[in-house]
Amino acid sequence: MNAEDTWCSRNHPEYNHRPIAYFSTEFGLHETLPIYAGGLGILSGDHLKGASDLGLPLVAVGFLYTHGYFSQHITEDGWQEAHYLRLKFEDLPILPILGSDDEPLTVSVELPGREVQARLWEIHVGRVRLYLLDSDVEGNSVADRELTARLYSSDLDSRISQEIILGIGGVRALRILGYNPSVFHLNEGHSAFLNLERAKEMIASGHTFEEANEQICDSSIFTTHTPVPAGNDEFPEWLIEKYFSNLLPDLELDREQFFNLGRNPHPWGNTFSMPILAFQMSRYRNGVSELHGQVARDMWHHLWPDVRVDDVPITHITNGVHSGSWLARRMRNLLDEYLGKNWMESLDENQVWEAVENIPDGELWEVRRHLKRKLAHYMRERARDQWLNDSVHPVQVVASGVLLDPYALTIGFARRFATYKRANLILRDLGRLLDLINRPNMPVQIIFAGKSHPADEPGKMLIQEVYRIVKKAENGGRLVFLEDYDMNLARYLLQGVDVWLNTPRRPHEASGTSGMKAAMNGVINFSVLDGWWREGYNGSNGWAIGRDVDYDNPNQQDEEDAISLYDILENQIIPLYYKKRSSDGLPGEWISMMKESIRTLSPQFSMRRMVKEYVEQLYIKALQAESIKTISTIE
Ligand SMILES: *Cc1c(COP(=O)(O)O)cnc(C)c1O
């Protein structure tokens with residue numbers, strides 16, 4: 001933490017003074033702080049940790065949700081119940097920020113007919129500071145105190161109010177705390193109102209809107225994370241009018257000009273789109289994998305109608321994961337022994353990982369067996385707690401994994417239950433699946449886990465469909481659903497299974513990151529060629545479901561993908577896992593594939609590689625553009 005000699009100080013001393021401001025609605029740092037819903041939050045959390053490791057001066061802004069994300073309970077009939085508990089702030093690794101009068105420091109934002117205050121909390125993520133806004137402040141109305149209570153409200157008024165607090169309140173918070181960031185990085189469009197606050201500041205100091213806009217563009221980076229409509233917020237124009245008509249004079253814009261900043265034309269009328277506001281006010285824009293870059297250029301082509309699709313100015317930087325957070329301790333000890341001292345300082349370099357080949361098969365396999373036992377033990381403990389505390393039906397205890405054999409081939413499928421992720425693809429031909437998992441001497445176990453957004457009815461029905469099959473006696477207790485997927489359960493699962501399954505309907509999975517975490521722990525990926533896996537798969541470090549093509553007909557796609565999945569499972573995965581070498585009884589070919597996977601994927605999909613790319617491809621350009629501006633303003 002105190003080292004002065006960091007990657008950033010050695011390579012980019014120009015960053016030393018003015019930080020990069022990073023905005024996100026969610027941050028997944030640790031399971032004790034449930035202020036994340038899923039992949040987007042984990043990525044933000046890992047980004048901060050990666051920035052800290054590299055010594056990058058970054059300061060982040062988000063929310064302290066007083067009720068956090070919900071914990072999930074599954075009823076006997078497979079229906080998801082959402083439980084919200086108020087967080088006990090005094091138990092959390094957060095610090096209140098106090099003003100000179102020892103009272104909580106607050107920022108205020110204007111909402112229709114009132115001012116709303118938000119207080120500030122601070123988290124130290126290594127060297128990086130994360131500031132969290134919280135509207136549960138005395139003086140706010142009861143309803144306003146609830147504005148930051150939960151993630152992603154479905155109510156439009158609360159949603160837009162949240163985003164105003166994040167964007168506008170967030171910039172004000174940085175100013176009060178004395179920050180003058182050189183670059184603003186918007187992680188998803190939710191924080192895009194920050195551009196309006198920055199414009200207002202510059203206009204107040206004598207610039208025109210055009211000048212302000214240009215300067216904001218030059219110093220802004222926008223990362224889009226999904227092509228799925230639910231992840232791309234838009235608001236009706238009347239709602240925007242209600243919240244922003246007061247701001248127009250300050251921005252020197254009329255209504256039409258203002259709407260144009262975020263206008264999304266639909267056949268049924270115009271909306272105001274947060275990603276469009278972010279795209280139009282950032283010069284640097286990216287998707288989160290190569291394929292997602294293409295998909296984003298196609299999807300947002302209408303914003304640049306005069307250029308060819310391939311020339312739409314959206315690039316890509318493929319996601320990564322923070323190795324220090326996701327590697328099992330035993331695996332890390334093993335790598336410490338074989339990769340050489342300080343390997344974590346250069347874990348994004350391919351040659352560091354060549355030494356994986358030197359790990360004796362027996363030692364690696366012993367660590368894998370340990371991690372599998374740990375998972376089995378954890379599942380039994382959870383089942384016991386459930387049995388003691390709740391009135392659960394015995395069949396639910398079986399469904400939570402008590403009958404699993406720690407050493408049998410185990411497949412993990414854990415992710416948000418949204419329909420495009422197709423949790424039910426592997427259940428499509430149930431007869432064939434049951435035949436495959438119940439073979440004597442070659443049992444296969446599948447563990448499902450994941451939450452649905454509480455307002456996503458089709459997603460909750462998908463959980464129910466899976467749960468009903470999990471409860472069937474014919475599967476011999478080998479299909480399991482674990483409730484309440486969070487970072488803690490994620491660690492057990494993606495360290496303790498053998499195969500990590502991912503079956504999104506391509507090209508909807510912009511990147512995905514859980515498979516990267518699994519890979520470095522010796523778990524082998526078995527996935528559709530979408531998102532990161534399309535770049536990671538090399539023919540010998542895992543298995544690919546389906547072909548590297550796009551489909552017009554989703555039904556045909558589901559059918560072909562399901563057949564490919566069953567064929568590979570039957571003819572490749574199961575025989576490989578159970579094929580023991582006669583000399584030492586170890587599954588030698590499985591272990592070589594595992595080594596190939598660890599060796600090739602760990603450096604490429606590390607957060608260290610990712611943050612360096614953000615610095616060298618995007619932040620640096622924004623910084624240079626910004627410093628030229630600063631100099632010319634001084635002149
Ligand atoms: C890594 C992670 C995710 C994101 O995983 P995907 O591969 O994008 O599905 C979601 N939730 C948790 C708890 C995670 O750890």
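Residues numbered from 1 in each chain as written. Predicted model: local features only at pLDDT ≥ 70, side-chain atom pairs only at ≥ 80, totals over all residues. Heavy atoms only, no water.

Trainee: So, empty space enclosed by the protein: which residues are in play, and what are the values?
Mentor: With a probe scaled to a water molecule rolled over the atoms, the places where space remains empty come into view. Counted under the stated rule, the structure contains 6 cavities of 30 Å³ or more. Of the voids in this model, the largest cavity is the one considered here, and its volume is about 50 Å³. Lys372, Leu375, Ala376, Met379, Leu404, Asp405, Pro406, Thr410, Gln445, Ile447 and Gly496 are the residues that line the largest cavity. Counting residues per element, the ones that place at least two in the lining of the largest cavity are helix H14 (361–389) and strand S17 (444–449). A per-element tally of the lining of the largest cavity places H14 first, with 4 residues. Class assignment for the residues of the lining of the largest cavity results in 6 nonpolar, 3 polar and 2 charged. (1 Å grid on protein atoms, 1.4 Å probe; cavity = no way out; pocket = protein on both sides within 12 Å on 5 of 7 lines; lining within 4 Å. Points joined across faces, edges and corners; volume = space filled by probe spheres on them. Helix = DSSP H or I, 4+ residues; strand = E, 2+ residues; numbered from the N terminus. Nonpolar A, V, L, I, M, F, W, Y, C, P; charged D, E, K, R; others polar.)

Trainee: Explain the site of the ligand to me, using residue names and the numbers behind them.
Mentor: Around the ligand there are 14 residues in total, and Trp326, Arg415, Thr513, Ser514 and Lys517 lie nearest to it. Contact between the ligand and Thr513: an oxygen atom at 3.0 Å from a main-chain N or O atom of the residue. Here an oxygen atom of the ligand and a side-chain polar atom of Lys517 are 2.6 Å apart. Relative to its unbound accessible surface of 400 Å², the ligand loses 93% to contact with the protein. Considered class by class, the residues forming the shell around the ligand number 5 nonpolar, 5 polar and 4 charged. Structurally, the shell around the ligand is a two-domain feature, drawing no fewer than three residues from each of domain 1 (7–319 + 611–634) and domain 2 (323–605). (Near = heavy atom within 4 Å. Polar contact = N/O pair within 3.5 Å; in protein donor to acceptor, adjacent residues only side chain to side chain. Areas by Shrake-Rupley, 256 points an atom, 1.4 Å probe, with all protein chains shown as cover. Domains from an automatic or database assignment.)

Trainee: Hey, could you go over the pairing of strand S12 (residues 263–266) for me, with residue numbers and the actual values?
Mentor: Across 4 bridges, S12 lies against strand S13 (residues 269–273) in antiparallel orientation. When the bridges of S13 are listed, Arg263 appears paired with Phe272. Hairpin connection, S12 to S13: the antiparallel pair is bridged by 2 residues. (Pairing = 2+ DSSP bridges.)

Trainee: Before we move on, could you go through the sheet that holds strand S11 (residues 234–236) and cite the residues and values that matter?
Mentor: Strand order in the open sheet made by the 3 strands is S11-S13-S12, with antiparallel pairing throughout. Edge positions in the sheet fall to S11 and S12, since each has one partner strand and no second. The average undirected angle you get between the axes of adjacent strands in this sheet is 40°. Relative to S11, helix H7 (residues 237–244) is tilted by about 85°, and along the sheet it contacts S11, S12 and S13. (Axes fitted to C-alpha atoms, helices over the stretch in contact; angles between N-to-C directions. Contact = heavy atoms within 4.5 Å.)

Trainee: Tell me about the packing of helix H4 (residues 156–176) against helix H5 (residues 194–204), and please be specific about residues and values.
Mentor: One can describe the packing of H4 onto H5 by two numbers: an axis separation of 7 Å at closest approach and a directional angle of 55°. Taken together, H4 and H5 sit at an angle that is classed as oblique. Judged by the sense of rotation from one axis to the other, the crossing of H4 with H5 is right-handed. Between H4 and H5, the residues in contact are Gly167, Ile168, Val171, Arg172 and Arg175 and Leu194, Glu197, Arg198, Lys200 and Glu201, respectively. Class assignment of the residues belonging to the contact of H4 with H5 gives a composition of 3 nonpolar, 1 polar and 6 charged. (Parallel < 35°, antiparallel > 145°, perpendicular 65-115°, else oblique. Left-handed = near helix turned anticlockwise from the far one by under 90°.)

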